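The primary structure of each chain is shown beneath.
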Amino acid sequence: MSRPLSLSVLCCAIGLASVSVPTATAQSREAAITPVTDADLQDPNPDEWLTWRRTLNSWGHSPLDQVNRDNVGTLRMVWTRGLTAGLQQGTPLVRDGVMFMPNPRDVVQALDAVTGDLIWEHRRERPDDLADHLSRAQMDANRNLTIYGDRIIDTSTDGHVFALDAATGELVWDTEILDHRTHPVTQTSGPIIANGKVISGRSCMPSGGPEACIIAAHDATTGEELWRRRLIPGPGEPGNETWGNVPFERRGHVGSWMVPSYDAGLNLVLVGTSVTSPAPKFRLGGVENKHLYHNSTLALDADTGDIVWYYQHLNDHWDLDHPFERLIVDTALNPDPSAVQWISPNFQLGERRRVMTGIPGKTGIIYTLDLATGEFLWATPTVIQNVVSDIDGATGAVTENSEVVFTGPGQQVLTCPHASGGKDWETGAYSPERNVMFFPLRNTCSRMRATDVETGNNNLYAIDWRREIAPGTDNVGTVRAISVETGETLWMYEQRAATMSLLATAGDLVFGGDINGRFRALDQDTGEVLWEINLGSGVTGFPVTYAVDGIQYVAVSTGTSITTSAFGMLTPELRPSTGNNLFIFALPSKR
């Protein structure tokens, strides 16, 4: 249901210092909403944040520079607002001074982006039997929305995609993608828009079989399904042989649970995929089989869903998923052999390419691939890892470390990183001004054991583990700045607490938080901390920045997540609270 604006809803004013609150009303912001076009999404107004990472190339970058390295030290909180209960990892969208915030458990709010006043709230009615079919740990999170025309579009816990009227929050259309009882999925991330198509992914429960493991496209205006792409090949399809003798109906859990990227020029949607269930491949027809398309990048034709190319990053036995953001960048290629471990011999140094780059998986390895073809260009680790022993530069073929590949139940190995990742869903960011990418990384390992599927504590993956900090350090969290052109690490910031998602701006800043509630601004050139505040709870949301009436704001949210709990076990002396809150900051001189 949708709740209309209530004038009794007040903006919280905690920590306002000497900042005054303007008198703009929620009603005036509502009237200013204008439809969002494909052109807007592909080249957004610098003042606005219209999709998950602001741009469809997943940069997480804003051209705003009112807040910069010279004045960020005076940044002040201007409003804050509590969010609904549950695991919280939301990304605000901002259009014409209205903020659209995904809350846990299928709640969407429209807020005045200047004052925090509530315009409307939509609470989706959720089936009572969700917990009978889905993972309880993944029924809360709602990482992102998208906006198209005058509609806010999201996916729901019960396997639907739906659109709300951006001005009122009323339901416009609702389409079931998968029945949560017969093909259960967890849609913890929302969609993107690719030329009028709503593109969405999901994690798929093993009980749903291979038909639950899909990418789907829907018409953004009507909700009509346009295509779906299964991520597990079947009989008669390319890749079927990579599953050996595993029956089609027993293949499962190859999901794509993070947000895709999109390149309009090539009309390609880039998606990343997860591990199988169970994870050890001796239980799935043999360790020699590749089990496509798990732990891969797939480039899909946005009009048809056809696979244009794919690249498999890892034959995964350890729950080291690869569904994370793929950065799309035009760059010269000059990988430095002293900094980059694996380099293709098949390109000329200095050659310019349009590439997919970044850290797509939990191994913490950067992969740079040609965007049009998937050709391997270079790769290098950023954290301690022992699961990949080699990558063939000429072909890009990955060789796993046989010493840590499970071959039978009860076998124990030390793997680095842990299944919570050298990197996880918490995003990096890219600076086009510097051609540098920034990533929140973690120094983790684990003692893993292959279990009996029927008797182990982790029946989903058939592995048990005990987390530990990687050898040689007491710090879990890092932020690393890496040249896209050379692969060289330019600086690294380290700290005890695990680091979370990042935002880069043209103000020479990288904003990011940690699981201990600290939110800070780093200098893009040095990694120096220029500003910091304690928000009390883990910084689990994705930071964004926007401008209204000439004033730049920085927004971030706090709460809990599976990863904050996991990394918190490594730093038990850090005891943040667990409140779900949204915080907005601005310069006092601009208010």
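The structure reproduced in this document is the subject of the present report. Treat the numbers as computed from the prediction; the structure is a model and nothing was measured.

## Some details on the layout of surface pockets
Thinking step 1. Counted as a void, the largest pocket has a volume near 730 Å³.
Thinking step 2. Secondary-structure elements contributing two or more residues to the lining of the largest pocket are β33 (463-469) and α4 (562-568).
Thinking step 3. With 3 residues, α4 is the largest single contributor of residues to the lining of the largest pocket.
Thinking step 4. Here the residues of the lining of the largest pocket are counted per class, giving 13 nonpolar, 14 polar and 7 charged.
Thinking step 5. Counted as a void, the second largest pocket has a volume near 260 Å³.
Thinking step 6. Class assignment for the residues of the lining of the second largest pocket results in 7 nonpolar, 5 polar and 4 charged.

## Let's talk about the sheet that holds strand β19 (residues 268-272)
In any sheet, the strands associate via hydrogen bonds between backbone groups, in a parallel or an antiparallel arrangement.
Thinking step 1. Ordered in space as β18-β19-β20-β21, the 4 strands form an open sheet in which the pairing is antiparallel. Edge positions in the sheet fall to β18 (261-263) and β21 (307-312), since each has one partner strand and no second. Averaged over all adjacent pairs, the angle separating strand axes in this sheet is 20 degrees, with direction ignored.
Thinking step 2. Looking at chain direction, β19 and strand β20 (residues 296-301) are connected through 5 bridges and run antiparallel. Pairing of Leu268 across the sheet is with Asp301, part of β20.

## Re the packing of aromatic side chains
Here the distance between the centres and the angle between the planes together describe a pair of aromatic rings.
Thinking step 1. A complete count under the given rule lists 15 aromatic pairs for this structure.
Thinking step 2. Between the aromatic rings of Phe100 and Trp120, the centroid separation amounts to 6.2 Å while the plane-to-plane angle is 45 degrees, which identifies the pairing as tilted. One end of the pair, Phe100, is in strand β5 (residues 98-103); the other, Trp120, is in strand β7 (residues 118-123), with 20 residues separating them in the sequence.
Thinking step 3. Between Phe519 and Trp531, the ring centres sit 5.9 Å apart and the planes meet at 90 degrees, which makes this aromatic pair edge-to-face. With a gap of 12 residues between them, Phe519 in strand β38 (residues 518-523) and Trp531 in strand β39 (residues 529-534) connect regions that are remote in the sequence. Comparing Phe519 with Trp531, the two get one shared label, buried.
Thinking step 4. Among the aromatic side chains, those forming a connected cluster through ring pairs are Phe511, Phe519, Trp531 and Phe585.

Reading the values: rules and limits
- Residues numbered from 1 in each chain as written.
- Predicted model: local features only at pLDDT ≥ 70, side-chain atom pairs only at ≥ 80, totals over all residues.
- Heavy atoms only, no water.
- 1 Å grid on protein atoms, 1.4 Å probe; cavity = no way out; pocket = protein on both sides within 12 Å on 5 of 7 lines; lining within 4 Å.
- Points joined across faces, edges and corners; volume = space filled by probe spheres on them.
- Helix = DSSP H or I, 4+ residues; strand = E, 2+ residues; numbered from the N terminus.
- Nonpolar A, V, L, I, M, F, W, Y, C, P; charged D, E, K, R; others polar.
- Pairing = 2+ DSSP bridges.
- Axes fitted to C-alpha atoms, helices over the stretch in contact; angles between N-to-C directions.
- Phe/Tyr/Trp six-rings, centres within 6.5 Å; stacked < 30°, edge-to-face > 60°.
- Buried < 20%, exposed > 50% of the residue type's maximum accessible area, 1.4 Å probe, protein only.

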